[in-house]
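Take a look at the letters that make up each chain.
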Amino acid sequence: MNHENISRSISTVHPICLSHGRNAEVWDSDGKRYIDFVGGIGVLNLGHCHPRIVAAIQEQATRLTHYAFNAAPHAPYIEFMQRLAAFIPVSYPVSGMLTNSGAEAAENALKIVRGATGRSAVVAFDGGFHGRTLATLNLNGKVAPYKQKVGVLPGPVYHLPYPSADNGVSCDEALKAMQRLFSVEIDVEEVACFILEPVQGEGGFLALDASFARALRQFCDAHGILLIADEIQSGFGRTGQRFAFSRLGIEPDLILLGKSIGGGVPLGAVVGRQALLDVLPKGGLGGTYSGNPMACAAALATLEEMTDEHLQQWGELQERMIVERYQAWKERGLTAALGRLTGVGAMRGIELVNAQGEPAPEHLGSLLNSAREAGLLLMPSGKSRHIIRLLAPLTTEPEVFEEGLDILQECLARL
Ligand SMILES: Cc1ncc(COP(=O)(O)O)c(C=O)c1O
C-alpha cells in the first residue's frame, strides 16, 4: 500500500493494512488472519466490533451524529456522565468532562490543577507516558522519540524514579529521590500535582509499589498537592478491576480516562472531585467534538457491558492463562531470552533479555516480525523497547487466546 501521502514521522509497528476485525481477530487486505494481542493499544478491551457497541453507534447515528456540547447539551453526554460517575470507585461525589483523546484529558487536568492550586509545577515519573501534545510531552519520562526536535516544552516538570517490583526500584529509593527533589530542585509549595500511572503502559507494564502510593497520598494531603492517576491504559478492567488505583488503596483527586472508555470510538475524560472540576471559569473547558453523541453512545454501551463480575472473570481468566504459560516456559527453559513477567491482572509484559540479562530490543524486533508472519500481532513497550505488552481484548475466546500463546511460544523458542 502506498504511504506517500502520510507523514513519515508516524511510525507503524506492523507493515500490513487492516481490513476488518471481530473480537480478538483481525484480517488484512490480503485476507490474512491475525490474532490481535495489541487491541488498538489498549482501546479494545471489549474486542473489535462488539455487537452491543456497534448497535449503539448505529442507533445513535440515525438520531443525532453530532452536536457540540458547548453549544447545546444532548442526552448521550448527560446519560454517559451519570453512568461514568457511578462507575468510578471513589468515596467522593464525581464530576467530569469529556475529551477526544487521552492526551487532551491530561492537558485539561493540568489546567484544572493550576486553577485549583494557583501553582504550576508538576511531578511525574521516569518511564511514564501521558501523550504527544506539547504539555504532555514534558510529562513523559522518556526523551526519544517523543521530546526530540520540538524545543522548549511547557513546564516546570520534574521526574522521580517509578518504584515497582517490576523494575527493581524500591519505595525507599523513590521517597529519598522525592526528599532530594524538594530540598535541591523546587519548593514543595510550588507543586500543583503529581501525575502517575498506577501501572505504567508505555514504560513496560510496571505495577506501582502500593506503599509508595499510600505515602505519596499522605504527602500530597499534607502539602496541598493534587494527585492525578492516569488510567488511560490501565483502566476499564485491564487489571481485573474497574481501575488499577483501587489495588493501591488510594483515591486520586483526578483520574484520566481514554482508550477502552469508548469501545473503539475516540473519547477521553477527566473525572474527579466535583469542586476541582468547577474551578475554571465557564468556557474554560470543552471542545467541538469532545463528548460527541456517537462516542457517548458507544461509551455507554461499553460501561453497560463492563459489570464487576465480567471484569473480574475476564481479568482472572486471561491472567491465569498468561501466568501458567510463562511459568511453563521458565521451567522448560524455552529460551534464555525470557526475562521477567511484569504487571498485574491481565496487564502483563514479557521482558526479553540478552545473554548478560540486559534488555534485548533486538530480540523483540525479530519476535514482532516472526509472530506477525505466523499470525499474531504484538506490540513493544519499556524504556528500551524490550518488553512485549499483552493487550488482547479481555473478551478473547480462551481457545483463541491459547492459539495466540502457542504462536508466541513457537516464536520465542526460535530466539
Ligand atoms: C497512560 C497513557 N496516558 C496517555 C496516553 C495518550 O493517549 P492518546 O494517545 O489517546 O492521546 C496514552 C497512550 O498510549 C497512555 O498509555
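Residues numbered from 1 in each chain as written. Predicted model: local features only at pLDDT ≥ 70, side-chain atom pairs only at ≥ 80, totals over all residues.

A.B. asks: Now, about helix 4 (residues 102–117): what can you tell me, with residues and values included?
C.D. replies: The terminal C-alpha atoms of helix 4, which comprises 16 residues, lie 23 Å apart, in line with the 22 Å expected from a rise of 1.5 Å per residue. Counting buried residues in helix 4 gives 12 out of 16 residues, a clear majority hidden from the surface. Those residues of helix 4 lying buried are Gly102, Ala103, Glu104, Ala105, Ala106, Glu107, Asn108, Ala109, Leu110, Ile112, Val113 and Ala116. Count one or two residues on from helix 4 and you reach glycine 118, which has phi positive near 70°. (Helix = DSSP H or I, 4+ residues; strand = E, 2+ residues; numbered from the N terminus. Expected span 1.5 Å × (residues − 1). Buried ≥ 20, exposed ≤ 12 C-beta atoms within 10 Å, placed from the backbone.)

A.B. asks: Tell me about the sheet that holds strand 17 (residues 387–390), and name the residues and values.
C.D. replies: Reading across the sheet, the 4 strands line up as 13-14-17-16 and stay open at both edges, with antiparallel pairing between neighbours. Strand pairing shows two members of the sheet lacking a second neighbour, strand 13 (338–344) and strand 16 (379–381), which therefore form its edges. Taken pair by pair, the neighbouring strands of this sheet meet at an average axis angle of 35°, ignoring direction. Two strands pair when backbone bridges link them, and strand 14 (residues 347–352) and strand 17 are joined in this way by 4 bridges, in the antiparallel orientation. Looking across to strand 17, one finds that arginine 348 is bridged to leucine 390. (Pairing = 2+ DSSP bridges. Axes fitted to C-alpha atoms, helices over the stretch in contact; angles between N-to-C directions.)

A.B. asks: I'd like to hear about the domain arrangement of the chain, residue by residue, with values.
C.D. replies: Taken domain by domain, the chain holds domain 1 (55–304) and domain 2 (308–413). Between the C-alpha centres of domain 1 and domain 2 the distance comes to 27 Å. Counting residues at the interface gives 19 residues for domain 1, matched by 21 residues for domain 2. Taken together, the residues of the side of domain 1 that touches domain 2 sort by class into 4 nonpolar, 9 polar and 6 charged. (Domains from an automatic or database assignment. Contact = placed C-beta atoms within 7 Å. Nonpolar A, V, L, I, M, F, W, Y, C, P; charged D, E, K, R; others polar.)

A.B. asks: Go over the sheet that holds strand 1 (residues 18–22), please, and point to the residues and values.
C.D. replies: Read across the sheet, 4 strands follow the order 1-2-3-15 without closing on themselves; strand pairing throughout is mixed. A single partner strand is all that each edge strand has here, and the edge strands are strand 1 and strand 15 (376–377). Strand direction decides the pairing type here: strand 1 and strand 2 (residues 25–28), joined by 4 bridges, are antiparallel. Its bridge partner lying in strand 2, glycine 21 is registered against valine 26.

A.B. asks: Describe the pairing of strand 3 (residues 33–36), naming the residues involved and giving the relevant values.
C.D. replies: In the sheet, strand 2 pairs with strand 3 via 3 bridges, with the strands oriented antiparallel. Across the sheet, residue tryptophan 27 finds its bridge partner in strand 3, namely arginine 33. In the sheet, strand 3 pairs with strand 15 via 2 bridges, with the strands oriented parallel. Paired with isoleucine 35 across the strands is leucine 376, a residue of strand 15.

A.B. asks: Please set out the packing of helix 2 (residues 51–61) against helix 9 (residues 293–305) residue by residue, giving values where relevant.
C.D. replies: One can describe the packing of helix 2 onto helix 9 by two numbers: an axis separation of 8 Å at closest approach and a directional angle of 150°. Taken as axis vectors, helix 2 and helix 9 run roughly antiparallel relative to one another. In this structure, helix 2 crosses over helix 9, and the sense of that crossing is right-handed. Of helix 9, the residues touching helix 2 (which contributes Arg52, Ile53, Ala56, Ile57, Glu59, Gln60 and Ala61) are Pro293, Met294, Ala297, Ala298, Leu300, Ala301, Thr302 and Glu305. Residues of the contact of helix 2 with helix 9, tallied by class, amount to 10 nonpolar, 2 polar and 3 charged. (Parallel < 35°, antiparallel > 145°, perpendicular 65-115°, else oblique. Left-handed = near helix turned anticlockwise from the far one by under 90°.)

A.B. asks: Report on the pairing of strand 6 (residues 157–160), specifying residues and quantitative values.
C.D. replies: The side chains of a regular strand alternate, residue by residue, between the two faces of the sheet. Pairing between strand 5 (residues 121–125) and strand 6: 4 bridges, direction parallel. When the sheet's bridge partners are listed, valine 122 is paired in strand 6 with valine 157. This β-α-β element, strand 5 to helix 5 (residues 134–139) to strand 6, shows right-handed connectivity. (Right-handed = clockwise from strand over helix to strand, strands pointing away.)

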